[in-house]
Structure formats: structure tokens, C-alpha cells
Amino acid sequence: MNRSTRALLLVGTAKGAFLLESDAGRTNWSLRGPLCEGWPIHDLIVEPATGDLLAAGGSPWFGPAVWRSADLGATWTQSSAGLSYGDDAEPVKTVWSLAVAPDRAILAGVEPAGLFRSTDAGATWQHVEGLTNHPSRPTWQPGAGGLILHTIVPHPADADRTWVGISAVGVFETRDGGATWEPRNRGVRADFIPGPPPETGHCVHKFAAAAGEPETLYQQNHCGVYRSDDGGLGWTEITGALPSEFGFGLVTHPRDPATAWVIPLSRPEEGRYMPDGSAAVWRTHDRGASWIRSADGLPQENAYLGVLREAFARDALDPVGLAFGTSTGQLWHSRDGGVRWDLISRDLPQIWAVEALVLDA
Amino acid sequence: MATVVLPRSLVALFPGATRHEVVAGTTVSELLVDLDQRIPGLWDRLADGRRLRPHINVYVDGQPADLATAVSSDAVVHVIPAVSGGG
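Residues numbered from 1 in each chain as written. Chains lettered and ligands numbered in written order. Predicted model: local features only at pLDDT ≥ 70, side-chain atom pairs only at ≥ 80, totals over all residues.

### Examining the environment of B:Pro54
Residues and elements named next belong to chain B.
Step number 1: Tracing the backbone through its elements, the reader meets Pro54 in the loop between strand 4 (51-52) and strand 5 (56-60).
Step number 2: Take Pro54: there are 12 C-beta atoms within 10 Å of it, and that puts it in the exposed class.
Step number 3: Separated by 22 residues in sequence, Pro54 and Val76 place their C-alpha atoms 21 Å apart. (Helix = DSSP H or I, 4+ residues; strand = E, 2+ residues; numbered from the N terminus. Buried ≥ 20, exposed ≤ 12 C-beta atoms within 10 Å, placed from the backbone.)

### Some points on the pairing of strand 1 (residues 5-13) of chain A
All names here are of chain A.
Step number 1: Counting buried residues along strand 1, seven of its nine residues qualify, which places the element largely inside the surrounding structure.
Step number 2: Alignment of strand 1 against strand 28 (residues 351-360), held across nine bridges, turns out to be antiparallel. What sits directly across from Leu9, in strand 28, is Ala356.
Step number 3: The sheet contact formed by strand 1 and strand 2 (residues 16-23) spans eight bridges and is antiparallel. What sits directly across from Thr13, in strand 2, is Gly16. (Pairing = 2+ DSSP bridges.)

### Here's the deal with the interface of chain B and chain A
Step number 1: Taken residue by residue, the interface counts 16 residues in chain B and 13 residues in chain A.
Step number 2: At the level of secondary structure, the elements contributing two or more residues to the side of chain B that touches chain A comprise helix 1 (8-11) and helix 3 (42-46) of chain B. (Contact = placed C-beta atoms within 7 Å.)

### Re the confidence of the model for chain B
Step number 1: Per-residue confidence for chain B gives a mean pLDDT of 94, with 97% of residues at or over 70.
Step number 2: The ipTM for the predicted assembly is 0.94, set against a pTM of 0.96. (pLDDT = per-residue confidence, 0-100.)

### Focus: the sheet that holds strand 5 (residues 53-59) of chain A
Residue and element names in this part refer to chain A.
Step number 1: Here we have four strands laid out as an open sheet, ordered 4-5-6-7, and antiparallel in their pairing. Either end of the sheet is taken by a strand with one partner, and the two such strands are strand 4 (41-46) and strand 7 (77-79). Between one strand axis and the next, the sheet turns by 25° as a mean value, whatever way the strands run.
Step number 2: The pairing of strand 4 with strand 5 spans five bridges and is antiparallel. Its bridge partner being in strand 5, Leu44 is matched across the sheet by Ala55. (Axes fitted to C-alpha atoms, helices over the stretch in contact; angles between N-to-C directions.)

In C-alpha cells, the structure reads:
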């Protein structure tokens with residue numbers, strides 16, 4: 001372990017972004033914030049080529065914006081130039097998700113659901129019209145959080161391929177740089193709709209690619225946890241022994257394609273909190289064939305915690321560090337791959353996003 | 001030249017911007033276009049395309065206004081985020 005390694009947690013909340021910093025031991029954390037002028041922040045990422053921080057959000061007054069910081073959060077700029085469907089269309093309310101494609105383009109998912117692309121570091125944005133023009137668009141219905149494009153998974157090497165997740169519509173993939181898109185929901189249940197599962201109308205909550213296997217995807221859905229081994233063409237349910245099929249957060253291991261973590265929550269009509277008020281994170285080391293419950297350090301009674309889709313993250317250190325933030329402002333961290341958990345910040349605003357970053361000085 | 005009075009929460013987004021900006025124009029829209037030249041990106045914070053954002057209020061010499069409202073050369077234009085509760 002490099003002595004000069006710095007571990008950062010980027011936290012997006014309903015009232016601004018916060019940064020927590022530690023050394024590679026990840027035991028003692030200092031906190032800075034609120035950043036981004038207290039704007040609601042739905043996602044935070046690091047731009048690999050520059051190390052700049054990017055934050056996605058939307059102000060109730062000043063509209064949507066993507067923020068950029070070149071100095072680890074000390075100063076920020078923001079822009080939304082082009083983040084619009086046109087003067088006669090419904091305004092873009094907020095930016096929910098960000099990703100960087102292998103060609104260095106920045107992708108932004110917004111509400112109402114759509115995808116935008118920037119090739120000038122986020123100064124201006126172009127609408128990816130191919131997704132909005134999908135024939136299913138008139139049938140898209142919002143989930144409880146709105147009609148939002150919340151997950152973007154670029155192929156790590158092929159800039160023409162990207163997967164996106166829209167609530168409550170489902171997963172789509174493009175193989176031609178965004179010109180055309182196809183639903184990728186076969187095998188996923190949609191129990192809230194009568195009849196056989198539709199092609200779209202699925203309540204995807206979060207999905208992520210396995211390390212080193214871009215065709216292996218893990219998905220937390222409203223109706224179960226799934227894995228795809230063929231880039232989303234088909235999904236196999238792996239909910240198995242999890243205490244609930246419902247949840248939001250899901251992360252994959254940085255090196256082991258068989259390992260993933262989820263945070264099950266009670267069913268939607270039962271409150272969407274940790275089942276029985278007993279907090280736990282579950283992990284699989286065999287692609288979902290079996291699940292292991294980890295609760296060491298987490299409260300085991302009267303803990304009615306909720307964790308939103310973007311508020312769960314892992315770093316790339318060994319052992320892997322994980323962090324999740326709750327809807328009531330607690331930030332929990334594990335420095336041993338999710339076995340033992342520590343409360344590292346207790347009184348933040350409602351947490352919407354967590355990202356883990358490792359810097360080697 | 002009219003004076004546009006900007007809210008602190010908006011000025012904070014643009015290093016170098018001040019709360020009182022003196023700008024040229026015969027309508028609120030023209031004033032804000034002129035201001036956007038000086039403070040790039042400011043228009044997008046106040047409007048979506050050709051529409052004021054729903055929770056942005058503009059007053060010309062104390063009277064409610066919109067982007068099309070005419071302004072005199074010595075007008076004082078206030079840009080005020082709507083008061084909202086909760087949270």
C-alpha cells in the first residue's frame with residue numbers, strides 16, 4: 001500500500017456535495033462541504049483522463065447543471081448549455097447520472113428521461129435523439145422517483161456501445177453510438193403489470209458491469225436481482241436467499257467478476273427500509289449463486305434505514321473499500337470488502353450519491 | 001442603461017459577477033441576453049430556452065414582469081428566486 005495514497009468519498013446530498021478524505025488505511029476521515037452552493041446533487045464521478053470531479057444536479061430555481069472541479073472540490077464551474085429538449089418541450093429538470101465513455105465523451109442522464117453527450121468537457125451538451133426517438137417513448141411511465149435516466153454503463157473499450165437504465169422503462173443498449181437503441185429486459189419480471197413481461201415498462205433500479213467482463217451485467221430491479229452473461233440480451237434471476245427482492249444500490253468488485261454487493265430493502269408497500277429494522281449488506285462471490293449477509297458494526301434493531309440507488313460505492317483498493325449513505329444522512333464505510341462496517345459521518349442531509357476515489361500522490 | 005439586481009444565490013455561481021449589473025436593452029429579455037454575454041451561462045440559470053424558469057420571478061421597477069416586458073433606460077430590474085418552503 002502506497003503511503004501517499006489518498007482515499008476520497010464523494011457524497012451527493014439533497015443540500016450540496018460533501019467530500020470525505022482519508023489515507024489508504026481508511027480509518028480516520030475528514031469532511032468538507034457543503035459544495036456546489038448547496039444544490040441537490042444526484043451523482044458524482046471522477047473524469048479518468050483529468051482527475052476532475054463532475055457532479056450532476058438540479059436546482060429548484062436555477063435548473064439542471066453539470067458541475068466540474070479541477071481542484072478536488074475547492075472551486076467549481078457549472079453549465080447546462082444544450083441540456084434541453086427544445087423550447088416547446090418539457091424542460092429538463094435535473095441531471096441524475098454521469099459517465100465517461102472510452103472516447104472521453106461525457107454522458108449525462110436527465111429527468112425527464114433522456115441522454116445527453118458532451119465532447120467539450122461539459123461546456124455544451126448534445127441531445128442523443130436516438131433514445132428519445134425509440135418507438136416505445138410514448139409509453140414510458142415514471143417510477144416513484146420520476147421518469148429518470150439514472151444509470152449509464154459505457155462499454156469499457158467500444159465507444160459505440162452503451163447501456164442505460166430508465167425508471168420505470170428498463171434497460172436499453174446502443175451498438176451504434178446512440179443512433180438506435182434496443183430494450184434489454186428479457187428474463188426480468190414486471191410483477192406490477194398484468195400478463196407476460198413486456199419489452200419495456202420495467203422498473204430497473206441499478207445495474208453495473210462485472211470487472212473485465214463487459215458482457216456480464218448485474219442488476220437490482222424492483223422485482224429481483226438479476227445477472228446477464230450476454231450484454232443484457234437475457235437476464236437470469238439471482239435473488240435466491242436475499243431477504244427481499246427489492247433494493248436500489250448494487251456495486252461490482254473492481255477485479256473479481258464473480259463478486260457483487262446489494263443492499264436489500266423491504267418491499268415498496270412495506271416501507272423500503274432495511275428488512276425488520278436490521279441493517280445489512282449482502283454479497284455474492286459466485287455470481288449470485290449464493291449470498292452472504294454482513295452486519296458487523298451495523299445496527300441490528302430499530303434501524304429503519306433506506307439507501308438510494310446511487311448511494312452505494314466501492315473503491316479500487318485491496319481489500320476493497322465500500323461505502324453507503326442513507327436517506328437520513330448516515331454514511332457507513334467498510335475497509336475489508338463489506339465484512340465490518342463503521343459509521344464515518346452521522347448527520348449529513350439526505351444522501352443521494354456516493355462515489356469512492358483513490359489518488360496516488 | 002438599466003440596473004439588474006441579481007440574487008446572492010445566483011451571483012455565487014459566477015466568479016466575478018456582482019449583485020448589481022448595469023446593462024443595455026429595451027426588454028427584460030434583451031437585458032438578460034446582454035448580461036449573458038458578460039456572464040456566460042447566466043441565461044441558462046434563469047430560463048429554459050425562451051421561457052423563464054418556473055420559480056424565477058422578475059420585477060421591473062417593482063412590478064411583476066416577464067421576458068417580454070419593456071424596460072426604460074433607467075429601470076431597476078430585480079431577479080428573485082421564488083420563496084418556497086419545506087426541506
